[in-house]
Amino acid sequence: MPRLITPNGTKCLLSRRPVSSVAWRVSRQIHNVSGRSSRSSTTALSFPKPRHIIPVLSPPHQRGAHTINSPSSPVVPAPYSPPTSGILSRLPESWVPYGELIRIDKPTGTYYLFFPCLFSTLMAAPLAVPVASPLSVLGTGLLFFAGALIMRGAGCSINDLWDRNLDPHVSRTRHRPLARGAITPFQALAYTGVQLLAGLGILLQFPLPCFFYGVPSLLFVASYPLAKRVTYYPQFVLGLTFSWGAVMGFPALGVDLVSNSSALSAAALLYTSNVSWTVLYDMIYAHMDIKDDAKAGIKSIALKHDAETKKVLTGLAVVQIGLLGAAGMAAGAGPAFFIGSCGGAALTLGWMIRKVNLKSVKDCWWWFVNGCWITGGTISAGLAVDYLLRYDRDDDLEGQKDNDA
């Protein structure tokens, strides 16, 4: 079989590089019809065996032919597939994009928005005159949960409207309904308007002062997506937004923040404590997208402090617990709060910061989802026990007054 002679500089279609006698020489046995072999000093090629690729060197800027198994072949993103399980799979097909838009299948954000409302309700209840009844606290909590569910969905819709041109470049968000074109921006905007009207309906179920305290929070809801473009600390803006409920529980139970300085101090300290908590858990969340965010030009605290994330998380935890304890002191909380809420938060946050693997998307997601209940539930439990003890004590005092009368 005759040899195929290739002049210097000729590109091999089976390789990615040009053949150059200056860079290298191929010397191998060539089988001919008679079975004889010879060794050639001239650059020569034989037909390669199946799945054999001839390695050749060339300048890095030149592009060559790719093989199917080439590691430099572009990775094709997986196409969108409709949900086959969970709540989204039970919705009519035309409703699915709207359910995805409000993240109805991912309720963790709703819980994070609800917990500050629950904290403030439980902290404000003993300050009400008379002390709020358990039934009143329960009803207020349920209204807050409904509001958190609706407003979290509205916040997600606003976020996706802002990010509709960025989301296609991030692997986790490229299949969101606006990013993939399942719904138009106008449809998303109209749907957001409906959600805001529903949220207003919930807000009007509370005492009138809640309306004036609640409306300003919409400024933060609208500005958070913009913050990701101009600062490495958008989590701080998210904290200002998600922590607003830490103030709302006081006027919801009839506690006047203007005339009651103790309640005002407690509300302000509880609010700032929750801001720290929000920045903490969202910094862990931001580590899931850290590589894609860097490519897309999205800013986050995780990118800014990647090398010292756990130190920052520890500092945020210390600030959160310190401010939480100060809020309890201002509200006249008892030992159950300081041991249960503050002590419990210290243990759960310390455990999370120690255990979370910030390089693992799966681990960050697990702690983001479960840390909500672990820390938020612990703080709530301490506040609930403190409230019930103070309610029982107040009930006994009222009974004693009635007997004396």
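This text gives an overview of the structure that appears in the document. (Residues numbered from 1 in each chain as written. Predicted model: local features only at pLDDT ≥ 70, side-chain atom pairs only at ≥ 80, totals over all residues. Heavy atoms only, no water.)

Quick look at the overall build of the protein
Reasoning step 1: Along the protein, the regular secondary structure elements total 14 helices and two strands.
Reasoning step 2: Counting only residues that meet the buried cut, the protein has 44% of its 405 residues in that class.
Reasoning step 3: By element, 65% of the accessible surface of the protein is carried by carbon and sulfur atoms, the whole surface being about 21600 Å². (Helix = DSSP H or I, 4+ residues; strand = E, 2+ residues; numbered from the N terminus. Buried < 20%, exposed > 50% of the residue type's maximum accessible area, 1.4 Å probe, protein only. Areas by Shrake-Rupley, 256 points an atom, 1.4 Å probe, with all protein chains shown as cover.)

Examining the side chain of Ser243
Reasoning step 1: Looking at the secondary structure, you find Ser243 in the loop between α7 (234–242) and α8 (245–252).
Reasoning step 2: A polar contact is formed between the side chain of Ser243 and the backbone oxygen of Asn274, at a distance of 3.1 Å.
Reasoning step 3: Sequence-distant contacts of Ser243, that is, excluding residues within four places in its chain, are made with Pro116, Tyr271, Asn274, Val275 and Thr278. (Polar contact = N/O pair within 3.5 Å; in protein donor to acceptor, adjacent residues only side chain to side chain. Contact = heavy atoms within 4.5 Å.)

So, the packing of helix α3 (residues 134–162) against helix α4 (residues 185–203)
Reasoning step 1: For the pair α3 and α4, the least separation of the axes is 9 Å and the interaxial angle reads 160 degrees. Between α3 and α4, the angle falls in the class roughly antiparallel. Between α3 and α4 lies a crossing whose hand is left-handed. For the pair α3 and α4, contact is made by Leu143, Ala146, Gly147, Ile150, Met151, Gly153, Ala154, Ser157, Ile158 and Leu161 and by Pro185, Ala188, Leu189, Thr192, Gln195, Leu196, Ala198, Gly199 and Ile202, respectively.
Reasoning step 2: When grouped by side-chain class, the residues that make up the contact of α3 with α4 number 13 nonpolar, six polar and no charged. (Axes fitted to C-alpha atoms, helices over the stretch in contact; angles between N-to-C directions. Parallel < 35°, antiparallel > 145°, perpendicular 65-115°, else oblique. Left-handed = near helix turned anticlockwise from the far one by under 90°. Nonpolar A, V, L, I, M, F, W, Y, C, P; charged D, E, K, R; others polar.)

Observations concerning the environment of Ser360
Reasoning step 1: Relative to the helices and strands, Ser360 resides in the loop between α13 (335–355) and α14 (361–404).
Reasoning step 2: Separated by 72 residues in the primary sequence, Ser360 and Met288 place their C-alpha atoms 7.4 Å from one another.

Concerning the side chain of Thr241
Reasoning step 1: With respect to the helices and strands, Thr241 occurs in helix α7.
Reasoning step 2: At 3.0 Å, the side chain of Thr241 and the backbone oxygen of Val237 are in polar contact.
Reasoning step 3: Each residue touching Thr241, except ones within four places of it in the same chain, is listed here: Leu113, Phe220 and Val221.

Some points on the nonpolar core
Reasoning step 1: Counting residues in hydrophobic clusters, the biggest one holds 75 residues, and the most contacted among them are Met123, Phe250, Leu280 and Ile284.
Reasoning step 2: Beyond its immediate sequence surroundings of up to four residues, Met123 is in contact with Phe250, Ala266, Leu270, Ala327, Gly328, Ala331, Phe337 and Leu383. (Core = buried A, V, L, I, M, F, W, Y, C linked by side-chain atoms within 4.5 Å.)

Looking at the pattern of salt bridges
Reasoning step 1: Following the criterion strictly, the structure yields nine salt bridges and no others.
Reasoning step 2: Salt-bridge contacts for Asp386 lead to Arg390; the nearest nitrogen and oxygen are separated by 3.3 Å. With Asp386 and Arg390 both in helix α14 and four residues apart, the pair spans about one turn of that helix.
Reasoning step 3: A residue is classified by how much of its surface remains accessible, and Arg390, at 13% relative accessible area, is buried.
Reasoning step 4: Overlapping salt bridges, with partners in common, bring together Arg103, Asp160, Asp167 and Arg176 in one network. (Salt bridge = Lys/Arg side-chain N within 4 Å of Asp/Glu carboxyl O.)

Focus on helix α9 (residues 261–286)
Reasoning step 1: With 26 residues, α9 extends 37 Å between its outermost C-alpha atoms, agreeing within 8% with the 38 Å of an ideal straight helix rising 1.5 Å per residue.
Reasoning step 2: Of all 26 residues making up α9, 19 are buried, and the element is well covered by its neighbours.
Reasoning step 3: The N-cap of α9, judged by a side-chain oxygen 3.2 Å from the amide nitrogen of Ser262 a few residues on, is Asn260. (Expected span 1.5 Å × (residues − 1).)

Considering the environment of Thr278
Reasoning step 1: Locating Thr278 in the fold gives a position in helix α9.
Reasoning step 2: The spatial distance from the C-alpha of Thr278 to the C-alpha of Leu316 is 9.4 Å, given a sequence separation of 38 residues.

What to know about the packing of aromatic side chains
Reasoning step 1: Evaluated as defined, the whole model comprises 24 aromatic pairs.
Reasoning step 2: Ring geometry for Tyr98 and Tyr191: centres 5.1 Å apart, planes at 75 degrees, overall edge-to-face. Within this pair, whereas Tyr98 is found in helix α1 (residues 96–101), its partner Tyr191 is found in helix α4, the two being separated by 93 residues in sequence.
Reasoning step 3: When its relative accessible area of 22% is taken as the criterion, Tyr98 is described as partly exposed.
Reasoning step 4: Ring plane angle 55 degrees and centroid distance 5.8 Å describe the contact between Phe220 and Trp244, whose orientation is recorded as tilted. Linking Phe220 in helix α6 (residues 217–230) with Trp244 in the loop between α7 and α8, this pair joins segments that are 24 residues apart in sequence. (Phe/Tyr/Trp six-rings, centres within 6.5 Å; stacked < 30°, edge-to-face > 60°.)

A short note on a nonpolar patch on the surface
Reasoning step 1: On the surface, Leu135, Leu138 and Leu142 cluster together to form a nonpolar patch covering roughly 350 Å² of accessible area.
Reasoning step 2: Mapped onto the secondary structure, Leu138 falls in helix α3. (Patch = residues over 30% accessible without salt bridge, like charges linked within 9 Å, V, L, I, M, F, W, Y side chains within 5 Å.)

Some thoughts on the environment of Ser89
Reasoning step 1: Within the element layout of this structure, Ser89 appears in the loop between β2 (44–45) and α1.
Reasoning step 2: By relative accessible area, Ser89 is classed as partly exposed at 32%.
Reasoning step 3: Along the sequence, Ser89 and Asp105 sit 16 residues apart, while their C-alpha atoms lie 9.8 Å from each other.
Reasoning step 4: Contact partners of Ser89, with chain neighbours within four places excluded, come to Pro83 and Thr84.
Reasoning step 5: At 2.6 Å, the side chain of Ser89 and the backbone oxygen of Gly86 are in polar contact.

Structural notes on the packing of α8 against α9
Reasoning step 1: Between α8 and α9, the shortest axis-to-axis distance is 8 Å and the interhelical angle comes to 155 degrees. When the interaxial angle is binned, α8 and α9 end up roughly antiparallel. Together, Ala246, Val247 and Phe250 of α8 and Ala263, Ala266, Ala267, Leu270, Tyr271 and Asn274 of α9 make up the contact between the two elements.
Reasoning step 2: Its residues assigned to classes, the contact of α8 with α9 shows eight nonpolar, one polar and no charged.

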